[in-house]
Amino acid sequence: KPFAAVNGSGKHNNWAISGPDGKNWLKPGDNPHENAKFMTIVVALMKAVDTHADLLRASVATAGNDHRLGANEAAPAVSVFLGDQLTDIIEQIEAGGANKSKDGGQIHLGVDSLPKLPRGNTDRNRTSPFAFVGNRFEFRAVGSNQSPAGANIVLNTIVAEAFDYICTEVEAGVEKGGEFNTVLQEVLAGVIKEHKRILFNGDGYTDEWLEDAAKRGMPNLVTTEDALPVLQTQKAKDVFAKYGVLSNEELESRYNIYVETYETLIGIEAATAAEIA
């Protein structure tokens, strides 16, 4: 995406999920069953990105991408953009149950249909690193010379962890005699309360947002040097090992390779600049 004669090129990694019914579960749908699945996926993504924002940032950490993130696109303080209408629904669920929408009509999770979520209501913010765009999410921080596989390995793993948590909580509530939709509503409300700080619909480039993100306790890993050590944390090791994605040794090897690649490239650039000078 060239901007002001500067190449700020990057990838938009579009992520959605289909179930055994063959349908995209990030499309709101036209019946209550689909609505419940849709809202569950959205809330799970909120939990996943908030819990592992640092790991998502590490998945796109390269020397070249450091110049792009937060300059022309995808601020490194990873947040989630849902748009006004979907954010309003999330806030209603947190408050005990969604019963209206900004487009009119009634919303009860698992009871009534969600209103249509038009693309124009969700795709306004081009600064957000992780944005809902009508029937999928876009992770906009992948570097132009990167394979999207690395980011998707992280994204799929952390979303699986969020699904695991939500399903476990719902199953426990139902086993205690709770009605499924009521239990699901309560579980989603609890997740929203815990992870709503990740939601931000404003301009991700402003100094005000960086200050706000810091107040919310969100990581802002500006450089690759800041981001890569996340791969050595116990939290990262645990989530990859728990779901059989990467062993500790496999994760360590990737960390070493990424660091060596970064240092080599920076060294070449510095030596070239010195020679030119």
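Please refer to the structure placed before this passage.
Here the focus is the side chain of S79. Summarising the element assignment, S79 is placed in the loop between α3 (63-66) and β4 (80-81). If we ignore the near neighbours within four places in the chain, the residues touching S79 are S128, P129, F130, I198, F200, W209 and M218.

Another aspect to go through is the nonpolar core. Within soluble globular proteins, side chains that are nonpolar generally end up buried alongside one another. Grouped together as the largest cluster of nonpolar side chains are 66 residues, with contacts concentrated most on L26, L45, L55, L82 and I90. It is helix α1 (residues 32-51) that provides the largest number of residues to this core, a total of 11 residues. Apart from residues no more than four positions distant in its own chain, L26 is found in contact with W15, A16, I17, F38, I41, V42, L45, F132, G134, N135, R136 and F137.

Another point: the sheet that holds strand β3 (residues 10-15). If you trace the 4 strands from one edge of the open sheet to the other, you get β3-β6-β5-β4, paired in mixed fashion. The two strands at the open ends of the sheet, each matched to only one other strand, are β3 and β4. With 2 bridges joining them, β4 and strand β5 (residues 130-132) adopt parallel strand pairing. The partner of F81 across the bridge, within β5, is A131.

With a probe scaled to a water molecule rolled over the atoms, the places where space remains empty come into view. The tally for this structure, following the rule as stated, stands at 2 cavities of 30 Å³ or more. If you go around the second largest cavity, the residues you meet are R57, V60, L69, A74, A75, P76, V78, P129, F139 and A141. Considering only residue class, the lining of the second largest cavity consists of 9 nonpolar, no polar and 1 charged.

Where helix α5 (residues 149-175) contacts helix α9 (residues 234-242), the two axes come as close as 10 Å, and the packing angle between them is 80 degrees. What the angle tells us is that α5 and α9 run roughly perpendicular. Two secondary-structure elements touch here, α5 through I153, V154, T157, E161 and D164 and α9 through V239, F240 and K242. Here the residues of the contact of α5 with α9 are counted per class, giving 4 nonpolar, 1 polar and 3 charged.

Calculation notes
Residues numbered from 1 in each chain as written. Predicted model: local features only at pLDDT ≥ 70, side-chain atom pairs only at ≥ 80, totals over all residues. Heavy atoms only, no water. Helix = DSSP H or I, 4+ residues; strand = E, 2+ residues; numbered from the N terminus. Contact = heavy atoms within 4.5 Å. Core = buried A, V, L, I, M, F, W, Y, C linked by side-chain atoms within 4.5 Å. Buried < 20%, exposed > 50% of the residue type's maximum accessible area, 1.4 Å probe, protein only. Pairing = 2+ DSSP bridges. 1 Å grid on protein atoms, 1.4 Å probe; cavity = no way out; pocket = protein on both sides within 12 Å on 5 of 7 lines; lining within 4 Å. Points joined across faces, edges and corners; volume = space filled by probe spheres on them. Nonpolar A, V, L, I, M, F, W, Y, C, P; charged D, E, K, R; others polar. Axes fitted to C-alpha atoms, helices over the stretch in contact; angles between N-to-C directions. Parallel < 35°, antiparallel > 145°, perpendicular 65-115°, else oblique.

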